[in-house]
Amino acid sequence: MATLTVYGTPISTYVRTVRLLLEGAGADYTLKNVSIFNGESQSADYLAKNPFGKVPTLEVDGTFLYETNAIVEYLDAVVANRRFSPSELLLQARMRQIMAIIDSYLYPLAIGTIVIQRLLWHCKSNVSILRAQPPTSQVFSQSLC
Ligand SMILES: N[C@@H](CCC(=O)N[C@@H](CS)C(=O)NCC(=O)O)C(=O)O
């Protein structure tokens, strides 16, 4: 079995997606914390693993794989014997359709609007976290200051 390392911030929904699959499959893996709140995910070291500077990234025996949906599809095959995907082709397509909808339309609204504006912003102790975030979040926080 390959050696698996997940790089990312534990609170990230995308990092949790990958870890949920690994935990559900009972797979051995290491989590290496790469913070999206202090610039670490934009460091040269991390950009060498994932040029988009997003978390998560999965390291498989020295090869770096990024984009959550690609990672979970790979992991489902290698550590879970595809038990998290339907075997019927049309149902597989429907699964990917739902994943793409969440990624393209739900996530930006849910995280950018609800979580960042209404949850983090209203929790005063997290204002410094907001200011340390990349451009999209800064637009939200500046417009609310
Ligand atoms: N398309 C990427 C998106 C991952 C993503 O947006 N991760 C967020 C954390 S939930 C992140 O890295 N944010 C930091 C940033 O945008 O600089 C994937 O599917 O893995």
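Computed from a prediction, not measured in an experiment: that's the story for all the values here.

(A) Examining the overall build of the protein more closely. Of the regular secondary structure elements, the protein holds six helices and four strands. Reading the protein from its N terminus to its C terminus gives the helix and strand order β-α-β-α-β-β-α-α-α-α. Burial status across the protein gives 19% buried among its 145 residues.

(B) Just the nonpolar core, in detail. Counting residues in each nonpolar core, the largest one holds 17 residues, and the members touching the most others are Val18, Val55 and Leu75. Listing elements by their share of this core, those giving two or more residues are strand E1 (4-8), helix H1 (13-25) and helix H3 (68-79). Considering every element that reaches this core, the biggest residue donor is H1, with five residues.

(C) Just the environment of serine 43, in detail. By the element assignment, serine 43 lies in the loop between strand E2 (30-33) and helix H2 (44-47). Each C-alpha atom, one on serine 43 and one on glycine 53, is 8.0 Å from the other, the two residues being 10 residues apart in sequence.

(D) Representation of helix H4 (residues 89-120) in the model. Over its 32 residues, H4 extends only 40 Å from the first C-alpha to the last, a length that falls short of the 46 Å expected when each residue adds 1.5 Å. Approximately 50° is the largest bend angle found in H4, and it occurs at leucine 106, with the proline proline 108 only one to four residues beyond.

The rules behind each value
- Residues numbered from 1 in each chain as written.
- Predicted model: local features only at pLDDT ≥ 70, side-chain atom pairs only at ≥ 80, totals over all residues.
- Helix = DSSP H or I, 4+ residues; strand = E, 2+ residues; numbered from the N terminus.
- Buried ≥ 20, exposed ≤ 12 C-beta atoms within 10 Å, placed from the backbone.
- Core = buried A, V, L, I, M, F, W, Y, C linked by C-beta atoms within 7 Å.
- Expected span 1.5 Å × (residues − 1).
- Bend = angle between axes of the 7 residues up to and from the residue.

Read these as geometric descriptors, not functional statements.
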